[in-house]
Amino acid sequence: MKVNVFLLAGMVGWALINGPLKAQEHRSAELPATRTSAGKQEPGLKPGSKTMKPTYDEIVKWMNAYFAEYNDSAQNAKTVHRMDTYFAPDFTFIPYMYVFGGPKNAITGRDAFYTMLTNHPSDYERFVVHDIFVDEKRMVSVAFLEATIYETGTNRVKVKKNYLPLYELKLDDKGTLKIATIRFFWEAMAPEIDGAAYSVDESKWGKKP
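The rules we used
Residues numbered from 1 in each chain as written. Predicted model: local features only at pLDDT ≥ 70, side-chain atom pairs only at ≥ 80, totals over all residues. Heavy atoms only, no water. Helix = DSSP H or I, 4+ residues; strand = E, 2+ residues; numbered from the N terminus. Buried < 20%, exposed > 50% of the residue type's maximum accessible area, 1.4 Å probe, protein only. Areas by Shrake-Rupley, 256 points an atom, 1.4 Å probe, with all protein chains shown as cover. Core = buried A, V, L, I, M, F, W, Y, C linked by side-chain atoms within 4.5 Å. Contact = heavy atoms within 4.5 Å. Phe/Tyr/Trp six-rings, centres within 6.5 Å; stacked < 30°, edge-to-face > 60°. Lys NZ or Arg CZ within 6 Å of the ring centre and 35° of its normal. Patch = residues over 30% accessible without salt bridge, like charges linked within 9 Å, V, L, I, M, F, W, Y side chains within 5 Å. Salt bridge = Lys/Arg side-chain N within 4 Å of Asp/Glu carboxyl O. Pairing = 2+ DSSP bridges. Polar contact = N/O pair within 3.5 Å; in protein donor to acceptor, adjacent residues only side chain to side chain. pLDDT = per-residue confidence, 0-100.

K.L.:
Sorry if this is basic, but what is going on with the overall build of the protein here?
P.N.:
Helix and strand counts for the protein come out as four helices and seven strands. Ordered by position in the sequence, the α and β elements of the protein form the string α-α-β-β-α-β-β-β-β-β-α. By the burial criterion, 33% of the 209 residues in the protein qualify as buried. Of the roughly 13,100 Å² of accessible surface on the protein, 57% is carried by carbon and sulfur atoms.

Below, the structure written as structure tokens:
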């Protein structure tokens, strides 16, 4: 009789312990993959969705594809809109170069940027990507590029220099990766050399001392 009582007590105790554990396990399995704190939306997530920000490897792959498409399409008015895949409509280009007037002369809007890209038919540039740096949490990328400016028609090299642009990325309302802002830096040369090499009118240069 005592054995049965002890056995019954053991079964009841096991049930009391196991029940909450099973309930906790069930609740844990139902937690969403993405958590937010204090009800705040995670950067790069669509409101009301579980769309995740891209990984480091995904951003690097996407940036390499962007540079390949840029070389192929960005400086031809007939093909420049292929770059819509990469630039947000409200894209901003901020130049940190003297011959473009510095950061106060930002270009706002994707179409305005396309006009700048296709408005120098006498020359064109090609990029060689040396390295790409990515902070996937902040959705930021920096590229170390070698740029060569060629004279259209003859393919004569006008200048070769290094670029170090910073790309601020975002997800659009469809969850698609886009470039929101480029903060553009390059290897400094004399304004006369840069202005001639890039066919930039002197009126767009920064103020002379």
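K.L.:
Just checking my understanding: could you explain the nonpolar core for this structure?
P.N.:
Soluble globular proteins: nonpolar side chains tend toward being buried together. Core analysis: the biggest nonpolar cluster contains 37 residues, and Tyr66, Tyr167 and Ile179 have the highest contact counts within it. Residue assignment for this core shows that the elements contributing at least two residues are helix 2 (56-73), strand 1 (87-95), helix 3 (110-118), strand 3 (123-135), strand 4 (140-151), strand 5 (157-163), strand 6 (166-171) and strand 7 (177-184). The element that contributes the greatest number of residues to this core is helix 2, accounting for six residues. Setting aside anything within four residues of it in sequence, one finds tyrosine 167 in contact with Met63, Tyr66, Phe67, Met139, Val140, Ser141, Ala143, Leu145, Ile179, Thr181 and Ile182.

K.L.:
So what exactly am I meant to see when it comes to the packing of aromatic side chains here?
P.N.:
The way to describe two aromatic rings as a pair is by their centre distance and the angle between their planes. Under the defined criterion, the tally for this structure stands at 21 aromatic pairs. Plain terms: the ring middles of phenylalanine 67 and phenylalanine 127 are 6.1 Å apart, the flat faces sit at 80 degrees to each other, and that makes the pair edge-to-face. Note that phenylalanine 67 is positioned in helix 2 and phenylalanine 127 in strand 3, a separation of 60 residues in sequence. Residue phenylalanine 67 shares its accessibility class with phenylalanine 127, and that shared class is buried. Sitting over the face of the ring of tryptophan 186, lysine 161 holds its NZ or CZ atom 3.8 Å from the ring centroid.

K.L.:
How should a nonpolar patch on the surface be read in this particular structure?
P.N.:
A cluster of nonpolar residues, Tyr96, Phe133, Phe144, Leu164 and Phe185, forms a patch on the protein surface that exposes about 430 Å² of accessible area. Mapped onto the elements of the fold, phenylalanine 144 is located in strand 4.

K.L.:
Even after reading the chapter, I still don't get the pairing of strand 3, so can you show me in this structure?
P.N.:
Look at any regular strand and the pattern is simple: side chains alternate between the two faces of the sheet. In this sheet, strand 4 lies alongside strand 3 in antiparallel orientation, the contact comprising twelve bridges. Bridging across to strand 4, tyrosine 124 finds its partner in tyrosine 150.

K.L.:
Teacher, can you tell me more about the side chain of asparagine 71 here?
P.N.:
One can find asparagine 71 in helix 2. A distance of 2.9 Å separates the side chain of asparagine 71 from the backbone nitrogen of phenylalanine 127, its partner in a polar contact. For asparagine 71, the contacting residues outside a window of four places in its chain are Glu125, Arg126 and Phe127.

K.L.:
I tried to follow the environment of valine 134 on my own but got confused; where do I start?
P.N.:
The topology assignment puts valine 134 in strand 3. Given the relative accessible area of 16%, valine 134 is considered buried. Separated by 33 residues in sequence, valine 134 and tyrosine 167 place their C-alpha atoms 9.4 Å apart. Contacts of valine 134, omitting those with residues within four sequence positions, involve Tyr56, Ile59, Val60, Val140 and Ser141.

K.L.:
Explain the confidence of the model for the protein to me, please; I cannot follow it from the model alone.
P.N.:
Close inspection of predicted coordinates is inappropriate in any region flagged by low pLDDT. Considering every residue of the protein, the mean pLDDT works out to 79; 68% of them sit at 70 or more. Here residues 1-48 is a poorly scored stretch, pLDDT under 50, and it has 23 contacts once near neighbours within four places are set aside; other chains count.

K.L.:
Even after reading the chapter, I still don't get the pattern of salt bridges, so can you show me in this structure?
P.N.:
Between side chains of opposite charge, pairing is possible as soon as their charged atoms come close. Enumeration over the complete set of coordinates arrives at five salt bridges. Two residues, arginine 110 and aspartate 84, come together in a salt bridge whose shortest N-O distance is 3.5 Å. Taken as a pair, arginine 110 in helix 3 and aspartate 84 in the loop between helix 2 and strand 1 lie far apart in primary sequence, 26 residues in all. Judged by its relative accessible area of 23%, aspartate 84 falls in the partly exposed class. A salt bridge links arginine 183 to glutamate 168, with the shortest nitrogen-to-oxygen separation between them at 2.7 Å. Of this pair, arginine 183 sits in strand 7 while glutamate 168 sits in strand 6, and the two are 15 residues apart along the sequence. Arginine 183 gets classed as partly exposed once you look at its relative accessible area, which sits at 28%.

K.L.:
Looking at this structure, how should I read the pairing of strand 6?
P.N.:
Along strand 6, the buried face is formed by Tyr167, Leu169 and Leu171; none of Leu166, Glu168 and Lys170, which line the opposite face, is buried. The pairing of strand 4 with strand 6 spans three bridges and is antiparallel. By the bridge assignment, valine 140 is partnered in strand 6 with glutamate 168. Between strand 6 and strand 7, which pair antiparallel in sequence order, lie five residues; one of them, glycine 175, sits at a positive phi of approximately 80 degrees.

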